[in-house]
Amino acid sequence: MADKVIVVDDEVSIATLLKFNLEQAGFEVETAHDGKTGLELAEKKDAVLIVLDLMLPEMDGLEVCKRLRQQKVNTPILMLTAKDDEFDKVLGLELGADDYLTKPFSPREVVARVKAILRRSAPQETVVEEDVIQIGDVKIVASNYEVFKQGERLELTPKEFELLAYLAKNKGRVLTRDQLLSAIWNYDFVGDTRIVDVHISHLREKIEPVTKKPTYIKTIRGLGYKMEEPTSE
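Residues numbered from 1 in each chain as written. Predicted model: local features only at pLDDT ≥ 70, side-chain atom pairs only at ≥ 80, totals over all residues. Heavy atoms only, no water.

## Structural notes on the pairing of strand β6 (residues 132-135)
Our working rule: Buried, partly exposed and exposed residues are distinguished by accessible area as a fraction of the type maximum, computed with a 1.4 Å probe on protein chains only: under 20%, between the cut-offs, and over 50%, respectively. The way it works is that DSSP assigns letters per residue, a run of H or I at least four long becomes a helix, a run of E at least two long becomes a strand, and they are numbered from the N terminus. At least two DSSP bridges between two strands are required for those strands to pair.
Because side chains alternate across β6, one face comprises the buried residues Ile-133 and Ile-135, and the other comprises Val-132 and Gln-134, none of which is buried. Bridging between β6 and strand β7 (residues 138-141) involves four bridges; their strand directions are antiparallel. Within β7, the residue paired with Gln-134 across the bridge is Lys-139. Remark: two residues form the turn of the hairpin made by β6 and β7, two consecutive strands paired antiparallel; Gly-136 in that turn has positive phi of roughly 60°.

## A few points about the packing of aromatic side chains
Rules: What counts as a ring pair is set by centres within 6.5 Å for rings of Phe, Tyr and Trp (its six-membered ring), and what kind of pair is set by the plane angle: stacked under 30 degrees, edge-to-face over 60, tilted for all other angles.
Using the criterion set out here, one finds one aromatic pair in the structure. Judged by centre distance (4.3 Å) and plane angle (25°), the rings of Tyr-145 and Phe-161 are stacked. In this pair, Tyr-145 is assigned in the loop between β7 and β8 (146-149) and Phe-161 in helix α6 (residues 158-169), connecting sequence segments 16 residues apart.

## Some words on the sheet that holds β7
This is how it is decided: Note on geometry: axes are C-alpha line fits, over the in-contact stretch for helices, and angles between N-to-C directions span 0 to 180 degrees. Throughout, a residue-residue contact means that at least one pair of heavy atoms, one from each residue, lies within 4.5 Å.
As summarised here, the arrangement of the four strands in space is β6-β7-β8-β9, forming an open sheet in which the pairing is antiparallel. Sheet topology places β6 and β9 (152-154) at the edges, where each strand pairs with a single neighbour. Ignoring strand direction, the axes of neighbouring strands in this sheet form an average angle of 25°. Contacts from α6 reach β6, β7 and β8, with the element oriented near 105° to β7.

## Brief notes about the confidence of the model for the protein
When pLDDT drops low, the exact placement of atoms in the prediction is not to be read closely. The criterion, for reference: On a range of 0 to 100, pLDDT expresses the predictor's confidence in each residue.
Confidence in the prediction for the protein averages 86 pLDDT; 88% of positions are at 70 or higher. Taken as a whole, residues 124-129 scores under 50 in pLDDT and shows eight contacts with residues more than four places along the chain or in a different chain.

## Here's the deal with helix α7 (residues 177-185)
Just so we agree on the cut-off: An arc is given here, and it is the one of the directions from the helix axis to the C-beta atoms.
Those residues of α7 not exposed but buried are Leu-180, Leu-181, Ile-184 and Trp-185. Angular distribution of buried residues about the axis of α7 spans 105°; they occupy a single face of the element.

## A few points about the pattern of salt bridges
Put simply, the rule is: A side-chain nitrogen of Lys or Arg and a carboxyl oxygen of Asp or Glu constitute a salt bridge if their distance falls within 4 Å.
Across all of its chains, the model carries 17 salt bridges by this definition. In this structure, the salt-bridge partner of Glu-11 is Lys-103, at a minimum N-O distance of 3.5 Å. One end of the pair, Glu-11, is in the loop between β1 (4-8) and α1 (12-24); the other, Lys-103, is in the loop between β5 (99-102) and α5 (107-121), and 92 residues separate them in sequence. Using a relative accessible area of 14% as the deciding quantity, one classes Lys-103 as buried. Across the salt bridge formed by Glu-63 and Arg-67, the nearest N and O atoms sit 2.9 Å from each other. On the criterion of helical spacing, the pair formed by Glu-63 and Arg-67 is a turn pair, its members being four residues apart in helix α3 (residues 61-70). Given a relative accessible area of 28%, Glu-63 falls into the partly exposed group. The exposure class assigned to Arg-67 is partly exposed, which follows from its relative accessible area of 34%.

## Here we look at unusual backbone geometry
For the bond running from Lys-103 to Pro-104, omega is 0°, close enough to zero to count as cis. Relative to the elements of secondary structure, Pro-104 occurs in the loop between β5 and α5. You will see that Lys-45, though not glycine, has its phi angle at about 60°, which is positive. Tracing the chain through its elements places Lys-45 in the loop between α2 (35-42) and β3 (49-53). With a relative accessible area of 51%, Lys-45 lands in the exposed category. Positive phi, normally seen in glycine, also occurs at Tyr-145, with a value near 55°.

## What about the sheet that holds β3?
Backbone-to-backbone hydrogen bonds join strands into a sheet, with any given pair of strands oriented parallel or antiparallel. Pairing within the open sheet is parallel, and its five strands lie in the order β2-β1-β3-β4-β5. One side of each edge strand has no neighbouring strand; the edge strands of this open sheet are β2 (28-32) and β5. Across the sheet, the mean angle separating the axes of adjacent strands is 20° when strand polarity is ignored. Its contacts with the sheet place α1 against β1, β2, β3 and β4 (77-81), and it is angled at close to 170° to β2. Each of β1, β2 and β3 touches α2; the most contacted strand, β2, lies at about 145° to it.

## Brief notes about the packing of α6 against helix α8 (residues 194-207)
Filter applied, for reference: Roughly parallel covers angles under 35 degrees, roughly antiparallel covers those over 145, roughly perpendicular covers 65 to 115, and oblique covers all other angles. Gly counts as polar in this scheme, as do all residues outside two lists: the nonpolar Ala, Val, Leu, Ile, Met, Phe, Trp, Tyr, Cys and Pro, and the charged Asp, Glu, Lys and Arg.
Here α6 crosses α8 at 85°, and the two axes come no closer than 10 Å. Judged by the inter-axis angle, α6 sits roughly perpendicular to α8. Facing Lys-159, Glu-160, Leu-163, Leu-164 and Leu-167 of α6, the residues of α8 in contact are Val-196, His-199, Ile-200, His-202, Leu-203, Lys-206 and Ile-207. Looking at side-chain class alone, the contact of α6 with α8 contains seven nonpolar, two polar and three charged residues.

Structure below.
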């Protein structure tokens, strides 16, 4: 059975075009033209990815994204926006979107981005010893895309997991924001390093004992970030 992708866009022509191109790429596609219907489809948790327009009737894309993450629906979300506005991009990421594209875009670009997100987030079937990384109370099982803190499983989006795993694999090494953009997002954000900062903030909220006094992910002023073993003061 083909993997399902949900496309939520109030412009029927765009939704139809994306549906056609995604189906040609081998996906099963279900469409919705308002936020409420899109939310209901996504809540079923039977899709591998959601393509979500920002401006929607009934309920906008930001609210849909927010509600899904509140309900622990961690299906990857590719947000579409007609606004070339950093605020909208950052807010979407803060609410839990994994990636975004600014209109106008080509359908082939959307398909390529969908495949890239799924390729990075697909867990492997087996776990080998080197896939398990332990730093302090945080345990990362790379093959299963799972993170535990003191034995309790944490809910991370695919992008948050990728970023945490990359930092952990490079424990003790200072990584610049540009390095993290290149490694995790795999394409040029034209220096939009705020995307990295947003995801670092999310991770700190989930793994740090005190968010404002991080012990795992340290900010290296003027450079970037470094993950290290926490030390008791």
